[in-house]
Amino acid sequence: MFLINCPFCGEREQSEFKAGGEAHIVRPKQPTELSDDEWAEYLFMRKNIKGIQFERWNHAHGCRKWFNMVRDTSNDQIKAVYKMGEKPPVK
Amino acid sequence: MKKRYSIFSLIRNAFSYHENWEKAWKDPEPKKEYDAVIVGGGGHGLATAYYLAKKHNMKNIAVVEKGWIGGGNTGRNTTIIRSNYLWDASAGLYDHALKIWESLSQELNYNVMFSQRGVMNLAHNLQDVRDLKRRTHANRLNGIDAVYLNIEEVKKFCPIINTSQDIRYPVLGGTLQRRAGTARHDAVAWGYARGADEMGVDIIQNCEVKGIKRNGDTVEGIETTKGFIKTKKIGVVAAGHSSVIANMAGLKLPLESKPLQALVSEPVKPIIDTVVMSNAVHAYVSQSDKGELVIGAGTDDYVSYSQKGSHDIVEGTLNAILELYPIFSRMRMLRQWGGIVDICPDASPIISKTPVKGLYFNCGWGTGGFKATPGSGDLFAHTIANDEPHKLNAAFNINRFVSGDLVDEHGAAAVAH
């Protein structure tokens, strides 16, 4: 368990949040024009990084808003949180 | 040839205070080249090496393990073995494993303490009842033993369950697979390691893979902390770290690695002589031979490699356990731990070739890989040796995420994934 600094509500327990998986996967503009391989890549394939990962979270039991997070998955340390549509503050 | 374990060897070694037992496996340095290298010295990896040597006559092979053998998820699971899966593909895979379990101790000359004490799955609402009845029928059509139990039969089979209809998620019935049960997880790794070692397999511990060398679409070898090892065939059985190894080879897998927790209580006298699992409230419990209650919790929903999980997951599981077994209310928990499980979008495993020639993956077992250990090793060995899947693991190829032919057991397996 760790604390998450919701960009809208401030610091709350992680159990209030729902993880939404890898961030910055853009939905293809024309899904009908994709090959099966490209659709599988978008739908299923994940980097699943051990280390610094960019991911989406939802404050499910709070403001219910989505936001992004930069987190080290090897030790669960949160490096940054930022709003949807913003550029990641760290590389 | 290793000396056989028996009652006589036990007595003989008692006279020398058990100080002269032969080493179960050597601790060799890696050779320059192998015919095949298995990455990951857990149960699945060691079983793969064992069957490669035994059934496919590949003796010049190695298992490389970054820590010590059986120190990962093999030693962290709740040791439940069953094969009552809904879909034909899964039923075939898991029952193949269960059949090997039934004679594994004899085959390995190593007591894996396989105990067919039965696994009971509970239903808590009308939909559960329908799903479990459907699964019972599907199991029986596939030749897998399964019976549906009503409330009285559940109570009779496991008397400490609270079958009061006044609780939040009352027990409405359940299924029972009598051939299912548990085994000693460490012994499985050790038994396979001893058997593989006897046939000439090098088991190399404290040897972490740092890179996979490719020449175009073919593998050439692995970079490890103990130097470069040349090989034409690499079988990766790295559980939670499968994606990390895949990245080294320039591949992406449809996996997410998440913490899964388990805990054991202080040891008590025998109180529960079976395994009881509940899908709806996600609680399952059995009792080890030492007397500890072995309790499995759920996964956290975020990616993590930290082998720690959230406290609220454990709390939720224990709430469910206490509602179902009020008798445990004053038990104290002794230990709690986490393992990193690699979960596929369809919660079914991958035992498959990859687009890279000579690179094979056995991964995606998620929360339920232990039960499949012997079958997984057998089928993965077949896939590596023949460069073709066995008919039992053909459905578990990596290409199913492109074709859409998923093996979707999410809700149908005994525990929600």
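Conventions adopted
- Residues numbered from 1 in each chain as written.
- Chains lettered and ligands numbered in written order.
- Predicted model: local features only at pLDDT ≥ 70, side-chain atom pairs only at ≥ 80, totals over all residues.
- Heavy atoms only, no water.
- Pairing = 2+ DSSP bridges.
- Helix = DSSP H or I, 4+ residues; strand = E, 2+ residues; numbered from the N terminus.
- Phe/Tyr/Trp six-rings, centres within 6.5 Å; stacked < 30°, edge-to-face > 60°.
- Buried < 20%, exposed > 50% of the residue type's maximum accessible area, 1.4 Å probe, protein only.
- Axes fitted to C-alpha atoms, helices over the stretch in contact; angles between N-to-C directions.
- Parallel < 35°, antiparallel > 145°, perpendicular 65-115°, else oblique.
- Left-handed = near helix turned anticlockwise from the far one by under 90°.
- Contact = heavy atoms within 4.5 Å.
- Nonpolar A, V, L, I, M, F, W, Y, C, P; charged D, E, K, R; others polar.
- Core = buried A, V, L, I, M, F, W, Y, C linked by side-chain atoms within 4.5 Å.
- Buried area = accessible area lost by both parts, 1.4 Å probe.
- Salt bridge = Lys/Arg side-chain N within 4 Å of Asp/Glu carboxyl O.
- Polar contact = N/O pair within 3.5 Å; in protein donor to acceptor, adjacent residues only side chain to side chain.
- Expected span 1.5 Å × (residues − 1).
- Arc of directions from axis to C-beta.
- pLDDT = per-residue confidence, 0-100.
- Patch = residues over 30% accessible without salt bridge, like charges linked within 9 Å, V, L, I, M, F, W, Y side chains within 5 Å.
- Areas by Shrake-Rupley, 256 points an atom, 1.4 Å probe, with all protein chains shown as cover.

1. Quick notes on the pairing of strand β19 (residues 350–353) of chain B
Residue and element names in this part refer to chain B.
Piece 1. The pairing of β19 with strand β20 (residues 359–363) spans four bridges and is classified as antiparallel. What sits directly across from Ser-352, in β20, is Phe-361.
Piece 2. Hairpin connection, β19 to β20: the antiparallel pair is bridged by five residues, and Gly-358 has positive phi, about 90°.

2. Digging into the packing of aromatic side chains
Piece 1. Considering all chains together, one arrives at 16 aromatic pairs over all chains under this definition.
Piece 2. Between Tyr51(B) and Tyr192(B), the aromatic rings sit 5.7 Å apart at their centres with planes inclined by 65°, giving edge-to-face as the arrangement. On the criterion of sequence distance, the pair formed by Tyr51(B) in helix α2 (residues 43–55) and Tyr192(B) in helix α7 (residues 185–198) is long-range, its members being 141 residues apart.
Piece 3. Tyr51(B) sits in the buried class, given a relative accessible area of 3%.
Piece 4. Connected via pairs of aromatic rings, a cluster forms that spans Phe2(A), Trp57(A) and Tyr302(B).

3. Observations concerning the packing of α2(B) against α7(B)
All names here are of chain B.
Piece 1. One can describe the packing of α2 onto α7 by two numbers: an axis separation of 9 Å at closest approach and a directional angle of 30°. In terms of axis orientation, α2 runs roughly parallel to α7. As α2 runs across α7, the sense of the crossing is left-handed. Side by side, α2 and α7 meet where Gly-43, Leu-46, Ala-47, Tyr-50 and Tyr-51 of the first sit next to Ala-189, Tyr-192, Ala-193, Gly-195 and Ala-196 of the second.
Piece 2. A class-by-class count of the residues in the contact of α2 with α7 yields eight nonpolar, two polar and no charged.

4. Overview of the sheet that holds strand β17 (residues 293–299) of chain B
Residue and element names in this part refer to chain B.
Piece 1. The sheet built from eight strands is open, its strands ordered β6-β7-β5-β15-β16-β17-β14-β18 with mixed pairing. The open sheet has two edge strands, β6 (147–149) and β18 (333–343), and neither has a second partner. On average, adjacent strands in this sheet sit at an angle of 20° to one another, irrespective of strand direction.
Piece 2. In this structure, strand β5 (residues 119–123) lies alongside strand β15 (residues 275–278), joined through four bridges in parallel fashion.

5. Some thoughts on the nonpolar core
Piece 1. In terms of nonpolar packing, the biggest core is built from 48 residues, with Leu46(B), Tyr51(B), Trp101(B), Leu104(B), Val112(B), Tyr192(B) and Val201(B) touching the most fellow members.
Piece 2. Every element with two or more residues in this core is listed here: β2 (36–39), α2, β3 (61–64), α3 (88–101), α4 (104–108), α7 and α10 (373–386) of chain B.
Piece 3. With seven residues, the single largest contributor to this core is α2(B).
Piece 4. With residues near it in sequence (within four places) discarded, Tyr192(B) still touches Gly43(B), Leu46(B), Ala47(B), Tyr50(B), Tyr51(B), Ile100(B), Leu104(B), Leu108(B), Thr373(B) and Pro374(B).
Piece 5. In terms of nonpolar packing, the next biggest core, distinct from the first, is built from 31 residues, Met45(A), Val37(B), Leu253(B) and Cys344(B) among them.

6. Digging into the interface of chain B and chain A
Piece 1. At the interface, 26 residues of chain B touch 27 residues of chain A.
Piece 2. Buried area between chain B and chain A, summed over both chains or domains, comes out near 2,200 Å², and the portion from carbon and sulfur atoms is 52%.
Piece 3. Viewed at the interface, chain A and chain B are joined by two salt bridges.
Piece 4. Of the charged contacts, one joins Lys18(A) and Asp301(B) as a salt bridge, the two residues approaching to 3.2 Å between their closest N and O atoms.
Piece 5. Applying the counting rule to chain B against chain A returns 13 residue pairs in polar contact (both at pLDDT 80 or more).
Piece 6. Tallying contributions element by element places helix α8 (residues 242–248) of chain B first for the side of chain B that touches chain A, with three residues.
Piece 7. Per-class residue counts for the side of chain B that touches chain A are 11 nonpolar, nine polar and six charged.

7. Quick notes on helix α9 (residues 311–324) of chain B
All names here are of chain B.
Piece 1. Over its 14 residues, α9 runs 20 Å from end to end, which matches the ideal 20 Å to within 8%, given 1.5 Å per residue.
Piece 2. Buried within α9 we find Ile-313, Val-314, Thr-317, Ala-320, Ile-321 and Leu-324. Seen end-on, α9 carries its buried residues on one side only, within an arc spanning 125°. Away from its buried face by more than 90 degrees, α9 exposes His-311 and Asn-319.
Piece 3. Those residues of α9 that are buried lie in contact with β5, β14 (256–265), β15, β16 (283–287), β17 and β18.

8. Remarks on the confidence of the model for chain B
Piece 1. For chain B, the mean per-residue pLDDT works out to 95, and 98% of the residues sit at or above 70.
Piece 2. What the predictor reports for the complex is a pTM of 0.96 with an ipTM of 0.95.

9. Examining a nonpolar patch on the surface
All names here are of chain B.
Piece 1. A cluster of nonpolar side chains, namely Ile-7, Phe-8, Leu-10, Ile-11, Phe-15 and Trp-21, defines an oily patch on the protein surface of about 680 Å² accessible area.
Piece 2. Along the polypeptide, Ile-11 turns up in helix α1 (residues 7–15).
Piece 3. Residue classification places Ile-11 among the partly exposed residues on the basis of a relative accessible area of 43%.

10. Focus on the pattern of salt bridges
Residue and element names in this part refer to chain B.
Piece 1. Enumeration according to the criterion identifies 26 salt bridges over all chains in this entry.
Piece 2. For Glu-292, the salt bridge goes to Arg-335, with nearest N and O atoms at 3.4 Å. Of this pair, Glu-292 sits in the loop between β16 and β17 while Arg-335 sits in strand β18; the two residues are 43 residues apart in sequence, bridging distant segments of the chain.
Piece 3. We classify Arg-335 as partly exposed; its relative accessible area is 42%.
Piece 4. A salt bridge links Lys-353 to Glu-388, with the nearest nitrogen and oxygen atoms 3.7 Å apart. On the criterion of sequence distance, the pair formed by Lys-353 in strand β19 and Glu-388 in the loop between α10 and α11 (400–403) is long-range, its members being 35 residues apart.
Piece 5. A residue is classified by how much of its surface remains accessible, and Lys-353, at 30% relative accessible area, is partly exposed.
Piece 6. Residues joined in a network through salt bridges with shared partners are Asp-95, Lys-99, Glu-102, Asp-145 and Arg-179.

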